[in-house]
Amino acid sequence: MKITVVGTGYVGLVTGACLAEMGNHVLCLDVDTDKIAALRQGVIPIYEPNLEDMVRRNAAAQRLEFTTDTDRAVAHGTLQFIAVGTPPDEDGSADLRHVIAAAEAIGARMTDYKVVIDKSTVPVGTAERVREVVAAALARRGVAVDFAVVSNPEFLKEGAAVNDFMRPDRVVIGADDERAVLLMRALYSPYVRNRDRVLVMDVKSAEFTKYAANAMLATRISFMNELARVAEVVGADIELVRQGIGSDPRIGTQFLYAGCGYGGSCFPKDVKALIHSGGQAGHELKLLKAVEAVNETQKRVLADKVVARFGADLTGRRFALWGLAFKPGTDDLREAPSRVLIEQLTQRGAEIVAYDPVAMNEARRVMSLQPRLHYAESANAALAGADALVIVTEWKEFRSPDFDAIRHSLREPVVFDGRNLFEPTLMKTLGIEYHAIGRGAA
């Protein structure tokens, strides 16, 4: 099939590359000329495992192309994916300007049947607005061209997005046009050959499904973080509690890990947007407001522990920081707990020496004005002369470190672990003072 993808951000680039991988001819459109020039040279603007090789492979086979030419892009694909950003406005609502602009561009140029597909995460009712915008653009031109609007939300995890797309656990298609449904089923059939995972529903339900999924996952995280704070006080071990409740098949084990809060481009934005949508519908989403509040508090928990141990004035103190990205497998620092920690510690006079296997270039870009933040070339190098180690991201290379190096490189053998990577009893045996989340100190 010939497919156009509008937007070459995280969702658009992964979508375009994975669709090309199955033999489709994909043309990706973006208004950013520098980004398109870089993509044509095989330079990927984000870190995502396996994405760079896939982009280069399909570009070399001429199945994946990049352009800034809107006329060409609209003419190219029968399927027109809109995968532009929907950042939160000040009131928490999703900013749909780029979605509407993409729809307007399609309506102003299309000459034959198109399926306009909302891939961006958008609130309920967006497909109706897109339909109205395309219809209005056609009316201004005085032409009548059939088209359909489909909601096809993405369920991609950063760090595993390529695998999620190629081996989806579900494909949600919201549509009321039979021809569009047939085309979408045909498009996704190579990805679900072993079992039909395509769920066809009405458009509004599809739009709502995406927000509901992310809100549920965020809720589980905040629930465990809330319990972890209580566990520390009463003497329970939240990791044992997690195992106890996760073994119940009605609950399951996913997203039950206590930590220093969630971040990234999806959960914070989507929770805010769903809260706003509920308000617009006349319903206050009290649970999700609590989820959001708990997460904001949890992002400060590591700094609070550091202050409780070393005092409010951290002038002259130096802390090693392992992990900057909001999660392993990505260089994304949007809403990352590390940024809150860095701000709070440096405001108290501390120096931070950070290491992240992937995200340091992005950190240098987004935190360039932070003079007390420094970078190390390795995890062990960050330890030298530090008063304590603080772990924020659970990269694999941090899971089994050189504990002798930790103990001997730090001024004091003190570790603050925001991801509960180690057993408190082991750390005590090793002579390391260990502060975890919901597990007490050893």
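Up top you'll find the structure we're talking about.
Overview of the structure. These numbers were taken from a predicted model, which means no experiment stands behind them. (Residues numbered from 1 in each chain as written. Predicted model: local features only at pLDDT ≥ 70, side-chain atom pairs only at ≥ 80, totals over all residues. Heavy atoms only, no water.)

1. Notes on empty space enclosed by the protein
Where empty space is left becomes clear once a probe the size of a water molecule has been rolled over the atoms. In total, this model carries two cavities of 30 Å³ or more according to the counting rule given. Looking at the largest cavity, its volume works out to about 40 Å³. Every element with two or more residues in the lining of the largest cavity is listed here: helix H11 (267-280) and helix H12 (286-298). Looking at which element gives the most residues to the lining of the largest cavity, the answer is H12, with three residues. Each residue belonging to the lining of the largest cavity can be placed in one class, and the counts come to two nonpolar, one polar and four charged. Forming the boundary of the second largest cavity are Cys260, Gln298, Lys299, Leu302, Pro337, Leu341 and Val392. Its residues assigned to classes, the lining of the second largest cavity comprises five nonpolar, one polar and one charged. (1 Å grid on protein atoms, 1.4 Å probe; cavity = no way out; pocket = protein on both sides within 12 Å on 5 of 7 lines; lining within 4 Å. Points joined across faces, edges and corners; volume = space filled by probe spheres on them. Helix = DSSP H or I, 4+ residues; strand = E, 2+ residues; numbered from the N terminus. Nonpolar A, V, L, I, M, F, W, Y, C, P; charged D, E, K, R; others polar.)

2. Re the pattern of salt bridges
Counted by the stated rule, this structure contains 32 salt bridges. Across the pair Glu239 and Arg242 runs a salt bridge, and its minimum N-O distance is 3.1 Å. Here Arg242 and Glu239 lie together in helix H10 (residues 238-246), a separation of three residues that amounts to about one turn. Judged on exposure class, the residue Glu239 and its partner Arg242 are both buried. Two residues, Glu412 and Arg309, come together in a salt bridge whose shortest N-O distance is 2.8 Å. One end of the pair, Glu412, is in the loop between helix H17 (403-409) and strand S13 (414-417); the other, Arg309, is in helix H13 (residues 301-310), with 103 residues separating them in the sequence. For Arg309, a relative accessible area of 27% puts it in the partly exposed group. Put simply, Asp237, Glu423 and Arg439 are held in one network by salt bridges that share partners. (Salt bridge = Lys/Arg side-chain N within 4 Å of Asp/Glu carboxyl O. Buried < 20%, exposed > 50% of the residue type's maximum accessible area, 1.4 Å probe, protein only.)

3. Side note on helix H9 (residues 203-234)
For H9, spanning 32 residues, the distance from its first C-alpha to its last is 47 Å, which sits close to the expected 46 Å at 1.5 Å a residue. Capping the start of H9 is the job of one residue whose side-chain oxygen sits 3.3 Å from the backbone nitrogen of Lys204: Asp202. (Expected span 1.5 Å × (residues − 1). Polar contact = N/O pair within 3.5 Å; in protein donor to acceptor, adjacent residues only side chain to side chain.)

4. Quick notes on a nonpolar patch on the surface
A contiguous nonpolar patch, built from Val230, Val233 and Val234 and spanning about 310 Å² of accessible area, is present on the exposed surface. Within the secondary structure, Val233 sits in helix H9. Overall, Val233 belongs to the exposed group, its relative accessible area being 72%. (Patch = residues over 30% accessible without salt bridge, like charges linked within 9 Å, V, L, I, M, F, W, Y side chains within 5 Å. Areas by Shrake-Rupley, 256 points an atom, 1.4 Å probe, with all protein chains shown as cover.)

5. Description of the packing of aromatic side chains
In this structure the tally under the stated criterion is eleven aromatic pairs. Between Phe403 and Phe422, the aromatic rings sit 5.2 Å apart at their centres with planes inclined by 80°, giving edge-to-face as the arrangement. One end of the pair, Phe403, is in helix H17; the other, Phe422, is in the loop between S13 and helix H18 (424-429), with 19 residues separating them in the sequence. The burial state of Phe403 is the same as that of Phe422; both residues are buried. Here a set of aromatic residues connected by ring pairs shows up, and it is made of Phe165, Tyr188 and Tyr191. In this structure, Arg170 is placed above the aromatic ring of Phe155, and the distance from its NZ or CZ to the ring centre is 3.7 Å. (Phe/Tyr/Trp six-rings, centres within 6.5 Å; stacked < 30°, edge-to-face > 60°. Lys NZ or Arg CZ within 6 Å of the ring centre and 35° of its normal.)

6. A closer look at the pairing of strand S1 (residues 2-6)
Burial runs high along S1: four of the five residues are buried. Bridge count between S1 and strand S2 (residues 25-29): five bridges; the pairing is parallel. Within S2, the residue paired with Lys2 across the bridge is His25. Taking the sense of rotation as the criterion, the β-α-β connection linking S1, helix H1 (residues 10-21) and S2 turns out right-handed. Of the strand pairs in this sheet, S1 and strand S4 (residues 79-82) are connected by four bridges, and their pairing is parallel. Its bridge partner being in S4, Ile3 is matched across the sheet by Leu79. (Pairing = 2+ DSSP bridges. Right-handed = clockwise from strand over helix to strand, strands pointing away.)

7. Quick word on the packing of H11 against H12
The contact between H11 and H12 brings their axes to 9 Å, and the two run at 150°. The orientation of H11 relative to H12 falls into the category roughly antiparallel. You can see that H11 and H12 cross each other, and the crossing is left-handed. Residue-level inspection shows Val271, Lys272, Leu274 and Ile275 of H11 in contact with H12, the latter providing Leu288, Lys289 and Glu292. The residue makeup of the contact of H11 with H12, split by class, is four nonpolar, no polar and three charged. (Axes fitted to C-alpha atoms, helices over the stretch in contact; angles between N-to-C directions. Parallel < 35°, antiparallel > 145°, perpendicular 65-115°, else oblique. Left-handed = near helix turned anticlockwise from the far one by under 90°. Contact = heavy atoms within 4.5 Å.)

8. As for the sheet that holds S13
Across the sheet, which stays open at both edges, the six strands sit in the order S11-S10-S9-S12-S13-S14 with parallel pairing between neighbours. Only two strands of the sheet have a single partner each, and these edge strands are strand S11 (373-375) and strand S14 (433-435). The average angle at which neighbouring strand axes cross in this sheet is 25°, direction not considered. In this structure, strand S9 (residues 318-322) lies alongside strand S10 (residues 351-355), joined through five bridges in parallel fashion. Looking at S10, one finds that Trp322 is bridged to Tyr355. Against the sheet, H13 touches S9, strand S12 (388-391), S13 and S14, its axis set at about 155° to S13. Packed on one face of the sheet, helix H14 (residues 337-347) meets S9, S10, S11 and S12 and runs near 175° to S9.

9. Here we look at the layout of surface pockets
Empty space within the largest pocket amounts to approximately 1400 Å³. Lys157, Glu158, Phe255, Phe267 and Lys327 are the residues nearest the centre of the largest pocket, which is lined by 46 residues in total. For the lining of the largest pocket, the secondary-structure elements that each account for two or more residues are helix H7 (161-166), strand S7 (171-174) and H9. Looking at the lining of the largest pocket, the element that brings in the most residues is H9, giving five residues. Of the residues assigned to the lining of the largest pocket, the class counts are 22 nonpolar, nine polar and 15 charged.

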